[in-house]
Amino acid sequence: MTRFPIQALSRFAVIAAAAVVCARNAGAIDFSTIPSPIILQGGPGRSYRDPAVIYHDGIFRLFCTVIRLEPDGRRYLYTALSRSTNLTVWTEPQLLTPRDLNLNFTSPGDVVRFGPDWILCLASYPRPNGERYGNANARVWIMRSRDLDHWSAPELLKVKGPDVPVDQMGRMIDPYLFPDKDDPGVWWCFYKQNGASRSWSRDLKTWHYSGRVDAGENVCILVDNGEYVMFHSPTNGIGTKRSRDLKTWRDTGWTALGQPDWDWARGRVTAGFVLDLRREPGIGKYLMFFHGSGLEDDPTSYASLGLAWSDDLVHWKWPGRSKNGPLKSP
C-alpha cells in the first residue's frame, strides 16, 4: 500500500474540501451582474403576471400567467413555465394549460411537495365574453407532477368544504399553499375571497373553511422567527403582515420597490412572491418575484415580471439600485 506523509494528506484534504466548495458554488449567483430588474418583459398583446418560483436541482422554475392576444382577436390566459439557472437568462415560457376562455387557468400561487407529488396551485379566471376581469365562476385548483416539468390536468379544490356545491363556493382566485408551522400535517390554502380567506386540510382533498383577514390579492406566506409573514398586494405595491396564529395579523410594512424609476411598472407593482433561499449555497438571500404594469388602460397587455432580493425581508435591492432602503408605510 502506498503511504503518504501526514502533511501531504492534509494538503489533499484541503484540496478535496476546496473542490467540494467549488462544486457547490458552481451555480452561484452574482447579483451584481444581473442587468435589469425585468426578467420577462411584456408588450402589446403579451403580458406576464403572477409569478411563483421553486428552486430545485440548480434550476429556477418560474410559473406565471401569460396573457396573449390570439389571431381571433381575443385574449387568452394560460399558466406557463420558464426556467433559468442564473436569474438572467430565462427560457421562452411553456404553456401548461389549455386555450379555453371558460377556464383561463392563471395565477399560480406556489409549488409544494406532498407525498410523491409536486403540487402547483392556481386559479381559473373565466372571461368568455371579453370581460375585463374574471367572472363569478373563478375557482382555485391544483396540478400534480413527479418531475416539475410534466403536469397533470387541473383538479378543483373545494376549499369551502365538501358539502358546499361548486356553484355556491363564490368567486375566488390567487391560492397559496403552505404547511402549518406548529402542525406540519395540516395544510393551509389562502385565497382571495372577501379579503384573504383561509381553509385547511390534511390530504389536500377534504377542506375546512376557517375564516378570513383583511388583505389584498396574491397572498404569499413564509415563516420567520416563529411568526407567519404575509406578503399581499393592495391597490399598489406589496404589503406585509405578521401573525403567530393566522387569525390575528398586524401590518408591518409596504413597498413599491423601484417603481418611481421604472416606466414599465409606473401603473402598478403587485403580486410579490418571496422565496427563502438564505441557506442555499451560492444564493443566500430571499428572492422576490413580482409583476409591474405601465399606465396603459388595458390590464392584459404590457405587464412584465421583475426581481428583487433581501437579506432580512425589510431592505430590498434590485439591479440598478445602489443602496438599501427599508419597507415604507403606505
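Our structure is the block above this text.
This write-up is about the structure you can find in this document. (Residues numbered from 1 in each chain as written. Predicted model: local features only at pLDDT ≥ 70, side-chain atom pairs only at ≥ 80, totals over all residues. Heavy atoms only, no water.)

Here's the deal with unusual backbone geometry
One non-glycine residue with positive phi stands out, namely Asp50, at about 55°. Despite not being glycine, Leu204 has its phi angle at roughly 65°, a positive value. Considering the arrangement of structural elements, one finds Leu204 in the loop between strand 13 (196-201) and strand 14 (208-213). For Leu204, a relative accessible area of 3% translates into the label buried. (Helix = DSSP H or I, 4+ residues; strand = E, 2+ residues; numbered from the N terminus. Buried < 20%, exposed > 50% of the residue type's maximum accessible area, 1.4 Å probe, protein only.)

A few points about the sheet that holds strand 5 (residues 94-95)
Pairing is antiparallel across the open sheet formed by 4 strands, whose spatial order is 2-3-4-5. Two strands lie at the open edges of the sheet, namely strand 2 (46-56) and strand 5, each paired on one side alone. In this sheet, strand 3 (residues 59-69) lies alongside strand 2 in antiparallel orientation, the contact comprising 9 bridges. Looking at the pairing, Ile54 lines up with Arg61 of strand 3. (Pairing = 2+ DSSP bridges.)

Considerations on the nonpolar core
Phe60, Leu87, Phe190, Phe231, Leu257, Phe289 and Trp316 are the most contacted members of the largest nonpolar core, which totals 58 residues. Leave out the neighbours within four places in its chain, and Leu257 touches Ile238, Trp262, Val269, Met288, Phe290, Ala308, Trp316 and Trp318. (Core = buried A, V, L, I, M, F, W, Y, C linked by side-chain atoms within 4.5 Å. Contact = heavy atoms within 4.5 Å.)

Concerning the packing of aromatic side chains
Scanning all chains against the criterion turns up 14 aromatic pairs. On the numbers, 5.6 Å between centres and 70° between planes, the contact of Trp262 with Trp318 is edge-to-face. Taken together, the residues span a long stretch of sequence, with Trp262 in the loop between strand 18 (250-255) and strand 19 (268-277) and Trp318 in the segment after strand 22 (316-317) at a distance of 56 residues. Here Trp262 matches Trp318 in class, with each residue buried. A centroid spacing of 6.2 Å and a plane angle of 25° characterise the contact between Trp264 and Phe290, whose relative ring orientation is stacked. Of this pair, Trp264 sits in the loop between strand 18 and strand 19 while Phe290 sits in strand 20 (residues 285-293), and the two are 26 residues apart along the sequence. (Phe/Tyr/Trp six-rings, centres within 6.5 Å; stacked < 30°, edge-to-face > 60°.)

Regarding the sheet that holds strand 15 (residues 217-224)
Pairing in this open sheet of 4 strands is antiparallel, and the strands run 15-16-17-18 from one edge to the other. Of all strands in the sheet, those with a lone pairing partner are strand 15 and strand 18, marking the two edges. If you compare each strand with its neighbour and ignore which way they point, the axes differ by 25° on average. Two elements, strand 17 (residues 238-243) and strand 18, share 5 bridges in a ladder whose sense is antiparallel. Note that in strand 18 the partner of Thr240 across the bridge is Gly253. (Axes fitted to C-alpha atoms, helices over the stretch in contact; angles between N-to-C directions.)

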